[in-house]
Structure formats: C-alpha cells, structure tokens
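In case you want the letters, here they are:
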Amino acid sequence: MPILILFCLLPLALGAAAEYAAYRFARRKLWRWAPPLVCLAVTLSVLAARFFGWSDTGGAPLETLLFVPGLPAALVFLGLYLGRRLYKRLWDPRVIDDDGKGG
C-alpha cells in the first residue's frame, strides 16, 4: 500500500495541485508553463542519473527506467492534465441557453 501511494497517488495529486495552482494564481500566461517544464526537467534528470549511474552494464535495463521515473512521471503528467481540467471546469465562463431550445 505505501508503494501505491508513493508511486501513484502522490505524483497524481502533486501534478494536479501544481497545475491548478499555476492556472489559478499565475498572472502571466508564461508561468503556466512552469509545472510541465519542471516536471520534464526532473524526469529527464532522474532518467539520466538512473541510466548513467548503473554499474558494469553500460546502462540501466529498460524495465527499471519504466518503473522509476516512468510510472511516476506519467502520473504527474496525468495530474497536470487533470489539474488543468479542474481549473477549466471551476473557473471558465459557461454559456447559458436562455431560449430553452437546449441545443
């Protein structure tokens, strides 16, 4: 259970919270790129450290790279998407159909 929380739920929640906060509180649109770019930079640095830090074989096996950082990174990016969707759902203006035709 702690592995599930550490590798799945925590990255998903952190990604959603970061993206929602970036869209909600950033005054400039440029700052909205910060969470995805930081996530990409951290993912690439962990990938490089794990690949080149492997001893003797010339690189880490693909399975280890898919588990760490692959799985948490995929879930962070999913969280980023969900955070943006949550912001759009809560804060974007809605069109109200006043004529009652509904279509």
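Please refer to the structure placed before this passage.
Residue positions are given per chain, counted from 1 along the sequence in the order it is written. In keeping with the model being predicted, local features are shown solely for residues with a pLDDT of at least 70 and side-chain atom pairs are shown and tallied solely at 80 or more, while totals for entire chains, interfaces and linings include all residues. Each side-chain value is derived from all of the structure's non-hydrogen atoms; neither hydrogens nor water enter the calculation.

### Thoughts on the pattern of salt bridges
- What makes a salt bridge here is a side-chain nitrogen of Lys or Arg within 4 Å of a carboxyl oxygen of Asp or Glu, nothing more. Within this structure, the stated rule accounts for one salt bridge.
- Asp 92 is paired through a salt bridge with Lys 88; the nearest N and O atoms lie 3.6 Å apart.

### Concerning the environment of Pro 69
- Helix and strand definitions follow DSSP, with helices as H or I runs of at least four residues and strands as E runs of at least two, each counted in order from the N terminus. As for its placement among the helices and strands, Pro 69 is situated in helix H3 (residues 62–91).
- For the pair Pro 69 and Pro 11, spaced 58 residues apart in sequence, the C-alpha separation works out to 11 Å.

### Quick word on the side chain of Thr 43
- Within the secondary structure layout, Thr 43 lies in helix H2 (residues 34–52).
- Pairs of N or O atoms are called polar contacts if they sit within 3.5 Å, as long as, within protein, a hydrogen donor faces a hydrogen acceptor (for residues adjacent in sequence, only side-chain-to-side-chain pairs). At a separation of 2.7 Å, a polar atom in the side chain of Thr 43 contacts the main-chain carbonyl oxygen of Cys 39.
- Setting aside residues no more than four positions away along its own chain, Thr 43 makes contact with Pro 69 and Ala 73. In this analysis, two residues are considered to be in contact whenever any of their non-hydrogen atoms come within 4.5 Å of each other.

### Examining H3
- Between its first and last C-alpha, H3 extends 41 Å over 30 residues, near the 44 Å set by a 1.5 Å rise per residue.
- One axis is fitted to the seven residues ending at the residue and one to the seven starting there. The bend at that residue is the angle between these axes. Approximately 40 degrees is the largest bend angle found in H3, and it occurs at Gly 70, with the proline Pro 72 only one to four residues beyond.
- At its buried positions, H3 is contacted by helix H1 (2–25) and H2. Multiplying 1.5 Å by the residue count of a helix minus one yields the expected span of that helix.

### Focus: H2
- A rise of 1.5 Å per residue sets the reference length of H2, with its 19 residues, at 27 Å; its end C-alpha atoms lie 27 Å apart and thus fit the reference within 8%.
- Working definition: with a 1.4 Å probe on protein chains only, accessible area under 20% of the residue-type maximum means buried, over 50% means exposed, and in between means partly exposed. Within H2, the full set of buried residues consists of Pro 35, Cys 39 and Thr 43. Taken down its axis, H2 places every buried residue within 60 degrees of arc, on the same side. Along H2, the residues that are exposed and aim more than 90 degrees away from the buried face are Val 38, Ala 49 and Phe 52.
- The secondary structure elements touched by the buried residues of H2 are H1 and H3. For this quantity, the arc is that covered by the directions from the helix axis to the C-beta atoms.

### Structural notes on the packing of H1 against H3
- Between H1 and H3, the least distance of the axes is 6 Å, while the angle of their chain directions is 40 degrees. Overall, the two elements H1 and H3 adopt an arrangement that is oblique. Classified by chirality, the crossing of H3 by H1 is right-handed.
- For the contact of H1 with H3, the per-class residue count stands at 20 nonpolar, three polar and three charged. Fitting a line to C-alpha atoms yields each axis, with helices limited to the stretch in contact; the angle taken between N-to-C directions then spans 0 to 180 degrees. When an angle is under 35 degrees it counts as roughly parallel; over 145 it counts as roughly antiparallel; between 65 and 115 it counts as roughly perpendicular; any other value is oblique. Each crossing gets its hand from how the near helix is turned against the far one by less than a right angle, where anticlockwise is left-handed and clockwise is right-handed. The residue classification treats Ala, Val, Leu, Ile, Met, Phe, Trp, Tyr, Cys and Pro as nonpolar and Asp, Glu, Lys and Arg as charged. All others, Gly included, are polar.

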